[in-house]
Amino acid sequence: MKKKHALLSLCILLCFWQCDSPKKEISHSTTAVLGLISQKAMVVSAREEASRIGSEIMQQGGNAFDAMVATEMALAVCYPNAGNLGGGGFMVYRTHRGEVGALDYREKAPLRANRDMYLDENKKYLQDKSKTGGLAVGVPGTIAGIFKAHKRFGSLPMQTILRPVILLAKNGFKITEKQAKQFNDYSAVFKQVNQENSIYTKKFKAGDVFKNEALANTLQQISDNGRSAFYQDEIAKTLVAYLQKNGGIISLKDLDNYQAIWREPIVFNYKDLRIISMSPPSSGGICMAQILKTTANYPIAQYGHNTTKTIQVLTEAQRRAYADRSHYLGDPDFIDIPVDSLLSDAYLKGRMDSFSFEGATPSKELTHGAISQAESTETTHYSIIDSYGNAIAVTTTLNASFGSKLYNKKLGFFLNNEMDDFSAKPGTPNLFGLIGGDANAIAPQKRMLSSMTPTLVEKDNKLWMTLGTPGGSTIITSVLQTILNVYEFNMSMQQAVDAPRFHHQWLPDIVKVEATSFDAKTIKELENKGYVVDYKNASSIGRVDAILVLSDGSLEGGADKRGDDTAVGF
Ligand code: DON
């Protein structure tokens, strides 16, 4: 054991020596300079099959919203750890006319949920109950989301859009190496939670063809009968009976009540960029606005990419934004959120009064700001631009990898464990170490606070970028670093997506950096200033999928090298 530790330390040390080379303009090494370039339209998603189906829908004349429906459902087939029918998500859009908006199809707490549902009689938090099995499941929103998007903006019939997806489920797709490992890693848990074998409890190897006949049937029913097939008819009945058998409390009434909601996105400026991102119940837009508006007061391009000073500015801005998140943010249909105050320049400037480049602000000495008014982990993101000039950014999730791990064999899909995104017990961290307060307490029909940050960026009043990522609490900081990488540090889209990332979220008071990606000198400097840097435990932070509109109007895809992510376009 000791030997192993010594070897590991040596490797880390060696790597730091190697990484500690003179700074180049871009500090990462082996990434492609440019991503895929297409002239008209593009989809970037976690799987080639999903990107291809979305792109083909656009080639048939469909728009970005038609492609959204196709890509979302294709991911449910070939990326089932996060793509889903049993989860929820958010879409931010910009039409070719420049109108912007957001769609919230986040899961909701069931009618029978209550504030203390994960506490025992001694108020002890029963951690497992909000993470695994029936009680962890929020009322799914994804099918409502695709129908709502399609009704307002779709141009092809739903049957046309779903046809290739149904064929994908029926005929199967080839499992990648990463995916084979992931399926195999989880198979014992699936068996244990579901108390039975399923197509997911077999042993897999890369290249195996994975077919899901049950999911093809479910999708066919949705294609034939529309939204009500999922929320009222046979699928709803099967789902409710199954969840109740597994300790869940979702009723037919919960499904029948579910509505996706159009929201006003959060819109703010960073220098000459106009950024459009997700509003509550996601914290993404507000937190990112706070962090970027704070960062705009410092010349980070001059400091350089991932240098000590740049990391300090971003870390301190992140620390303060996540402290506010924990206190002020939750479902806007249940609480008042002081959005204008939280984003005011004066407030944000005042928040940094306690910061000095000499040393870290300890999180224990910092809480949320005073506002003077009443007041794996797996997710997946895809970005689409069509040939008409419409753009969308969608992040969708089951929360943890494969959600609650409940898999209904008859329906062919997994159920989320999104209930864990509520603050089950104030002050107790959730799956992502996030601490929540009253604003995000559980209540019947309430939506749980999210970090998902689908985002569009305009420059000179024109569409410039669409992006987003999975990664739980690290989503917000990954998205904003990607924007800064292109805007401040002159990277291509692909380089910006691949560049090493770091993250701070107030509590725990740690700067998490991607292992082996940062040079030893920078880490040492940060440590000397009082930052606790974790450079061992995060093999990767986020998987950003993005598209950049280049100056000649062509599109550059940024498909994150950390996954099997792929750009497809024409
Ligand atoms: O909504 C949220 O913020 C989380 N449920 C997202 C989970 C996630 O990104 C996990 N992926 N790595």
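All values reported here derive from a predicted model rather than from experimental measurement.

Turning our attention to the overall build of the protein chain. Each helix and strand counted, the protein chain has 18 helices and 21 strands in total. For the protein chain, whose C-alpha radius of gyration is 22 Å, the value lies close to the compact-globule estimate of 25 Å for 570 residues. C-alpha atoms of the protein chain, sized along the principal axes, occupy 65 × 60 × 60 Å. Here the protein chain, with 570 residues, has 64% of them falling under the buried criterion. Carbon and sulfur atoms make up 51% of the accessible area of the protein chain, which amounts to about 21,400 Å² in all. Taking the average location of the 63 positive side-chain charges in the protein chain and that of its 59 negative ones, the two points are 4 Å from each other.

Considering soluble globular proteins, one finds that nonpolar side chains tend to be buried as a cluster. Judged by nonpolar contacts, the single largest core of 85 residues is most densely connected at Ile275, Met288, Met465 and Ile483. Those residues within four positions of Met288 in sequence are excluded, and the remaining contacts are Phe268, Ile275, Ser277, Thr453, Thr455, Ile476, Val479, Leu480 and Ile483. With 80 residues, the next largest nonpolar core counts Phe65, Ile143, Leu168 and Ala216 among its residues.

Once that is clear, we can look at the packing of helix H11 (residues 284-295) against helix H16 (residues 475-487). Where H11 meets H16, the closest approach of the two axes is 9 Å, and the angle between their N-to-C directions is 50°. By the angle between their axes, H11 is oblique relative to H16. Between H11 and H16 the crossing geometry is right-handed. Counting all contacts with H11, which are made through Gly284, Cys287, Met288, Ile291 and Leu292, the residues of H16 involved are Ile476, Val479, Leu480, Ile483 and Leu484.

Taking 1.5 Å of rise per residue, the twelve residues of helix H9 (residues 234-245) would be expected to cover 16 Å, and the 17 Å separating its terminal C-alpha atoms lies within 8% of that figure. All buried positions along H9 are accounted for by Ile235, Ala236, Thr238, Leu239, Val240, Tyr242 and Leu243. Each element contacted by the buried residues of H9 is listed here: helix H6 (177-194), helix H7 (213-225), helix H8 (228-231), helix H10 (252-257), strand E12 (407-408) and strand E13 (413-414). Immediately beyond the C-terminal end of H9, within one or two residues, lies Gly247, with a positive phi of roughly 85°.

Two aromatic rings, taken as a pair, are described by how far apart their centres are and by the angle between their planes. Applying the stated criterion across every chain, the model contains 32 aromatic pairs. Considering the side-chain rings of Phe65 and Tyr93, the 5.8 Å spacing of their centres and the 70° angle between planes classify their relative orientation as edge-to-face. Of this pair, Phe65 sits in helix H3 (residues 64-78) while Tyr93 sits in strand E3 (residues 88-94); the two residues are 28 residues apart in sequence, bridging distant segments of the chain. Note on accessibility: Phe65 and Tyr93 belong to one class, buried. Centre to centre, the rings of Tyr200 and Phe210 are 5.0 Å apart; their planes meet at 45°, and the pair counts as tilted. In this pair, Tyr200 sits in the loop between H6 and strand E6 (209-210) while Phe210 sits in strand E6, placing the two residues ten residues apart along the sequence. Like Phe210, Tyr200 is buried. Ring pairing ties together the aromatic residues Phe173, Phe183, Tyr186, Phe190, Tyr200, Phe204, Phe210, Phe402, Tyr407 and Phe414, which thus form one cluster. Across the ring face of Trp262, the terminal group of Arg152 is positioned such that the distance to the ring centre comes to 4.1 Å.

Turning our attention to H3. Between the first and last C-alpha of H3 there are 20 Å, a value that for 15 residues agrees with the 21 Å anticipated at 1.5 Å per step. Taken across its 15 residues, H3 has 15 buried, putting it largely inside the fold. N-capping of H3 is provided by Asn63, with a side-chain oxygen placed 2.9 Å from the backbone N of Phe65.

So, about the confidence of the model for the protein chain. Detail in the predicted coordinates should be disregarded across regions flagged by low pLDDT. Confidence along the protein chain averages 92 in pLDDT terms, with 93% of residues attaining 70 or more. Long-range and interchain partners of residues 1-30, a stretch whose pLDDT sits below 50, account for 26 contacts in this model, where long-range means more than four residues apart.

Glancing now at the packing of helix H2 (residues 48-59) against helix H5 (residues 158-171). Angle between the axes and distance between the axes are the two parameters that describe a pair of packed helices. At their nearest, the axes of H2 and H5 sit 10 Å apart, and the two run at 155° to each other. As summarised for this structure, H2 and H5 are arranged roughly antiparallel, according to the angle between their axes. The hand of the H2/H5 crossing is right-handed. Across the interface between the two elements, Glu49, Ile53 and Ile57 of H2 pack against Thr160, Ile161, Pro164, Val165 and Leu168 of H5.

Taken in spatial order, the three strands make up an open sheet running E16-E17-E18, and their pairing is mixed. The two strands at the open ends of the sheet, each matched to only one other strand, are strand E16 (502-503) and strand E18 (533-538). Here three bridges tie strand E17 (residues 511-514) to E18, and the two strands are oriented parallel to one another. Following the sheet pairing, Lys512 is matched in E18 by Asp534. Contacting E17 and E18, helix H18 (residues 520-528) crosses the sheet at an angle of about 130° to E18.

According to the stated counting rule, one finds 28 salt bridges in the structure shown. Residue Arg97 pairs with Glu99 through a salt bridge whose shortest N-O separation is 3.2 Å. We note a salt bridge from Asp564 to Lys178, for which the minimum N-O separation is 3.9 Å. A single network of salt bridges, built from pairs that share partners, joins Asp104, Arg263, Asp333 and Arg447.

This next bit is on the side chain of Asn485. Secondary-structure assignment places Asn485 in helix H16. For Asn485, a relative accessible area of 3% gives the class buried. In this structure, Asn485 is in contact with His305, Asn490, Met491, Ala496 and Ala499, ignoring residues within four places of it in sequence.

Before going further, it helps to spend a moment on a nonpolar patch on the surface. A cluster of nonpolar side chains, Val33, Leu34 and Ile37, forms an exposed patch at the surface whose accessible area comes to about 260 Å². Inspection of the secondary structure puts Leu34 in the loop between helix H1 (2-19) and strand E1 (37-38).

Turning our eyes to something else, we now look at the pairing of strand E14 (residues 455-459). By the criterion of burial, E14 is predominantly enclosed, with four of the five residues buried. Bridging between strand E9 (residues 273-277) and E14 involves five bridges; their strand directions are antiparallel. The residue of E14 that forms the bridge with Leu273 is Lys459. Examined bridge by bridge, E14 and strand E15 (residues 462-467) share five bridges and lie antiparallel to one another. Looking at the pairing, Leu456 lines up with Thr466 of E15. In this structure, the hairpin formed by E14 and E15 is closed by a connection of two residues, where Asp460 is found at a positive phi of approximately 50°.

Moving on: the sheet that holds strand E11 (residues 391-397). Read from one edge of the open sheet, seven strands run E7-E4-E3-E11-E10-E2-E21, paired in antiparallel fashion. Both outer strands of the open sheet, strand E7 (261-263) and strand E21 (566-569), are each paired with one neighbouring strand and no more. Adjacent strand axes in the sheet meet at a mean angle of 15°, parallel and antiparallel pairs treated alike. Note that E3 and strand E4 (residues 100-105) share six bridges and pair antiparallel. Its bridge partner being in E4, Met91 is matched across the sheet by Leu103. The strands touched by H2 within the sheet are strand E2 (42-45), strand E10 (379-385) and E21, with E2 carrying the most contacts at an inclination of about 160°. Relative to E4, helix H4 (residues 142-153) is tilted by about 150°, and along the sheet it contacts E3, E4, E7 and E11.

So, how was this worked out
- Residues numbered from 1 in each chain as written.
- Predicted model: local features only at pLDDT ≥ 70, side-chain atom pairs only at ≥ 80, totals over all residues.
- Heavy atoms only, no water.
- Helix = DSSP H or I, 4+ residues; strand = E, 2+ residues; numbered from the N terminus.
- Rg over C-alpha atoms; globule rule 2.2 N^0.38 Å.
- Buried < 20%, exposed > 50% of the residue type's maximum accessible area, 1.4 Å probe, protein only.
- Areas by Shrake-Rupley, 256 points an atom, 1.4 Å probe, with all protein chains shown as cover.
- Lys, Arg positive; Asp, Glu negative; His and termini not counted.
- Charge placed at Lys NZ, Arg CZ, Asp CG, Glu CD.
- Core = buried A, V, L, I, M, F, W, Y, C linked by side-chain atoms within 4.5 Å.
- Contact = heavy atoms within 4.5 Å.
- Axes fitted to C-alpha atoms, helices over the stretch in contact; angles between N-to-C directions.
- Parallel < 35°, antiparallel > 145°, perpendicular 65-115°, else oblique.
- Left-handed = near helix turned anticlockwise from the far one by under 90°.
- Expected span 1.5 Å × (residues − 1).
- Phe/Tyr/Trp six-rings, centres within 6.5 Å; stacked < 30°, edge-to-face > 60°.
- Lys NZ or Arg CZ within 6 Å of the ring centre and 35° of its normal.
- Polar contact = N/O pair within 3.5 Å; in protein donor to acceptor, adjacent residues only side chain to side chain.
- pLDDT = per-residue confidence, 0-100.
- Pairing = 2+ DSSP bridges.
- Salt bridge = Lys/Arg side-chain N within 4 Å of Asp/Glu carboxyl O.
- Patch = residues over 30% accessible without salt bridge, like charges linked within 9 Å, V, L, I, M, F, W, Y side chains within 5 Å.

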